[in-house]
Amino acid sequence: MPAMVRVEKVSKAYGSLPVLRDVSLEVNAGEVVVLIGGSGSGKTTLLRCINRLETVDAGRIWVDGVRIGATEVNGHERPETEAELNDKRSRIGMVFQRFNLFSHMTALQNVALAPVMVQKMNSTDADALARRLLQKVGLGDKLGAYPSRLSGGQQQRIGIARALAMNPKLMLFDEPTSALDPELVGEVLDTMRKLSEEGMTMIVVTHVMGFAREVGDRILFLEKGVILEQGTPEEMFTRPQNPRTREFLSKVL
Amino acid sequence: MDYSLRLHVVTDNWVFLVSGIYATLAVTLGALAIGVALGLPTGMARLSRRRWLSMPAIGYIEVFRNTPALVQLIWIYYCLPILTGINMSASVSCTIALGLNAAAYIAEIFRAGIQAVDRGQVDAARSVGMSYFQTLRKVILPQAVRRMIPAFVNETVSLVKYSSLVSVLGVADLTYQAQSLSTTSYRPIEVFTFIALVYFLICTLLSYFARRLELRMAVSD
């Protein structure tokens, strides 16, 4: 079975500042991979390259066997069209640090928008889908609420429901709890835990080591755009090999 | 100073005076329509990273913002027909000129409004697979427009006032009618005070409705 995500020798720089150097990574279907590392280590950039919110300077990326950033036909590659890119992106859910909910729309509208716009679902079906997903994340009573009237934890769960509405094969989480008050972190992590139990393939950037340890199948430690070390939570948290990993973990644990 | 007010000059001729409102509003609304229709793409082009799009937009905006509106009006009325051979009535020509002028300002309003929308909104819309235009239409513009309302009302109010310039080219707007009445009646104080009041009323009403609209749209913020 091909990997759900394959990242092959990806490099990227912002101007003269390299953020990713020759990064390779495979994520299997149903696997939860957690990216850890200090700020500026390239975790978020790597995540954003996978759904092409950032372009790569070198290297190739596939999601579910489909090349991202170019289109491959019979072994030949050509630049991808906007429609192709949109189609590929629609199968990859993303959850953002600052939620990025559409502030002029209710919870229900936030979730129902993409199915209508991208999948051309009729609005009755899209509303039913949105209602079901909001119930799933525990917000069945907030359908008509605007984001500004909701707590950060509620907003982030709507963000998750919005991403799930496109029935993605892969979910990317970019520090989903970093902007939350401590007492709201749990509700978002619970939602993510449930998702992983359902078999969703997930790549998660987080600073919550407890979550990484409990839900992660594999932990990757990034520094200066390189994956310095990776392993099971057990290996990484109890006997990290790389001195830089040890130093980082001793600071955050 | 012995000047006694003769208000009957206004009351006897108010139909004549007020008939100018028609031209004033027609020019204003026409120019506004042109301004919005042209201002949005110009503002978008101004924001583009492609220089062949942004440079002409910047040039257009700068030319119209840095030359007097009256000169633009006169230029388009007298010079454009010579250059293009297209003859237009004064009112059409003036509406187009004011519309082109308004477009430059409205482009800047759109640009500022769009730039004020959080970049994360675009990321979120694109990440679920929405296209650039879908994102623009469903996510960016609805949020930008809310923020633009005050600036947009400002522009509309100044357009109402600028529309008085068309009287110079003989378009029978409020100001033109007032000038005619003032020359025939020799009562400038009554006549011009009256139309100033009319302009004041139009502009105040506009601001009032805009404020109510703003409050109603603020529900989601």
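Scoring rules and cut-offs
Residues numbered from 1 in each chain as written. Chains lettered and ligands numbered in written order. Predicted model: local features only at pLDDT ≥ 70, side-chain atom pairs only at ≥ 80, totals over all residues. Heavy atoms only, no water. Helix = DSSP H or I, 4+ residues; strand = E, 2+ residues; numbered from the N terminus. Contact = heavy atoms within 4.5 Å. Pairing = 2+ DSSP bridges. Axes fitted to C-alpha atoms, helices over the stretch in contact; angles between N-to-C directions. Core = buried A, V, L, I, M, F, W, Y, C linked by side-chain atoms within 4.5 Å. Buried < 20%, exposed > 50% of the residue type's maximum accessible area, 1.4 Å probe, protein only. Phe/Tyr/Trp six-rings, centres within 6.5 Å; stacked < 30°, edge-to-face > 60°. Salt bridge = Lys/Arg side-chain N within 4 Å of Asp/Glu carboxyl O. Polar contact = N/O pair within 3.5 Å; in protein donor to acceptor, adjacent residues only side chain to side chain. Nonpolar A, V, L, I, M, F, W, Y, C, P; charged D, E, K, R; others polar. Parallel < 35°, antiparallel > 145°, perpendicular 65-115°, else oblique. Left-handed = near helix turned anticlockwise from the far one by under 90°. Expected span 1.5 Å × (residues − 1). Arc of directions from axis to C-beta.

All names here are of chain A. Relative to the helices and strands, Leu-133 is located in helix H4 (residues 123–136). Measuring from C-alpha to C-alpha, the distance between Leu-133 and Glu-26 comes to 29 Å, with 107 residues separating the pair along the chain. Setting aside residues no more than four positions away along its own chain, Leu-133 makes contact with Val-111, Ala-161, Leu-164 and Ala-165.

Residues and elements named next belong to chain A. Ordered by their spatial adjacency, four strands build an open sheet running S2-S1-S4-S5, and the pairing between neighbours is antiparallel. Only two strands of the sheet have a single partner each, and these edge strands are strand S2 (17–27) and strand S5 (66–68). Here the average twist between neighbouring strands, direction ignored, is 30°. Where strand S4 (residues 58–63) lies against S5, three bridges are found, and the strand directions are antiparallel.

Here we take up the nonpolar core. As a rule of thumb, soluble globular proteins bury nonpolar side chains together. All names here are of chain A. Of all hydrophobic cores here, the largest spans 48 residues; its most connected members are Leu-134, Ile-160, Met-171, Phe-173, Met-192 and Met-202. Looking at which element gives the most residues to this core, the answer is helix H6 (residues 182–197), with six residues. For Phe-173, the contacting residues outside a window of four places in its chain are Leu-47, Val-95, Ile-160, Met-192, Leu-195, Met-202, Ile-203, Val-204 and Val-205.

What follows deals with the packing of aromatic side chains. Residue and element names in this part refer to chain B. Going through the model one piece at a time under the given rule, you end up with five aromatic pairs over all chains. Measuring from ring centre to ring centre gives 4.8 Å for Tyr-77 and Tyr-78, while their planes differ by 70°; the resulting arrangement is edge-to-face. Its relative accessible area of 49% is what places Tyr-78 among the partly exposed residues. Geometrically, the ring pair formed by Tyr-132 and Phe-133 is edge-to-face, given 5.2 Å between the ring centres and 80° between the ring planes. By relative accessible area, which is 38% here, Tyr-132 ends up partly exposed.

Take the interface of chain A and chain B next. Facing 27 residues of chain A, the contacting portion of chain B comprises 23 residues. Linking chain A to chain B there are three salt bridges. A salt bridge links Asp118(B) to Arg98(A); the nearest nitrogen and oxygen atoms lie 3.6 Å apart. Here chain A is connected to chain B by ten residue pairs in polar contact (both at pLDDT 80 or more). Where the side of chain A that touches chain B is concerned, the elements lending two or more residues are helix H2 (82–89), strand S8 (92–95) and helix H3 (107–117) of chain A. Classifying every residue of the side of chain A that touches chain B by side-chain character gives 13 nonpolar, seven polar and seven charged.

Right, let's get into the packing of helix H5 (residues 152–164) of chain A against H6(A). Each pair of packed helices can be described by the angle between their axes along with the distance between the axes. Residue and element names in this part refer to chain A. Taken N-terminus to C-terminus, the directions of H5 and H6 make an angle of 20°; their axes are 8 Å apart at the nearest point. In this view, H5 runs roughly parallel relative to H6, as classed from their interaxial angle. Crossing angle aside, the handedness with which H5 passes H6 is right-handed. Contact residues: H5 offers Gly-152, Gly-153, Gln-154, Gln-156, Arg-157, Ile-160 and Leu-164, while H6 offers Leu-184, Glu-187, Val-188, Thr-191, Met-192 and Leu-195. By residue class, the composition of the contact of H5 with H6 is six nonpolar, five polar and two charged.

For the rest of this paragraph, the subject is helix H8 (residues 174–185) of chain B. All names here are of chain B. When the terminal C-alpha atoms of H8 are compared, their 16 Å separation across twelve residues agrees well with the 16 Å that a helix rising 1.5 Å per residue should span. Within H8 the residues assigned to the buried category are Leu-174, Thr-175, Gln-177, Ala-178, Leu-181 and Ser-182. Projected onto a plane normal to the axis of H8, the buried residues spread over an arc of 160° and lie on a single side. Among the exposed residues of H8, those oriented more than 90 degrees off its buried face are Thr-183 and Thr-184. Looking at the buried residues of H8, the elements they touch are helix H1 (8–12), helix H2 (14–47) and helix H9 (188–217). Trailing H8 by a residue or two, Tyr-186 shows a phi angle of about 60°, which is positive.

Residue and element names in this part refer to chain A. For strand S3 (residues 32–36), the tally of buried residues reaches five of five residues, placing the bulk of the element in the interior. Two elements, S3 and strand S10 (residues 201–205), share four bridges in a ladder whose sense is parallel. Each bridged residue has a counterpart across the sheet, and for Val-33 the counterpart in S10 is Ile-203. Pairing of S3 with strand S11 (residues 218–223) involves four bridges; the strand directions are parallel. Counterpart to Leu-35 in the pairing with S11 is Leu-220.

Moving on, we come to unusual backbone geometry. All names here are of chain A. Notably, Arg-52 is not glycine yet its phi reads approximately 60°, a positive angle. Turning to its location among the elements, Arg-52 is positioned in the loop between helix H1 (43–50) and S4. Of note, the phi angle at Phe-99 is positive, near 65°, even though the residue is not glycine. You can see Phe-99 is positioned in the loop between S8 and H3.

This brings us to the sheet that holds S11(A). Adjacent strands of a sheet pair through backbone hydrogen bonds, lying either parallel or antiparallel. All names here are of chain A. Here we have six strands laid out as an open sheet, ordered S8-S9-S10-S3-S11-S12, and mixed in their pairing. The open sheet has two free edges, formed respectively by S8 and strand S12 (226–231), since each of these has just one partner strand. On average, each strand axis in the sheet is tilted by 20° relative to the strand beside it, whichever way the strands run. Running at roughly 150° to strand S9 (residues 170–174), H1 makes contact with S3, S8, S9, S10 and S11 of the sheet. Most of the contacts of helix H9 (residues 243–252) go to S11, to which it runs at about 100°, and overall it touches S3, S11 and S12.

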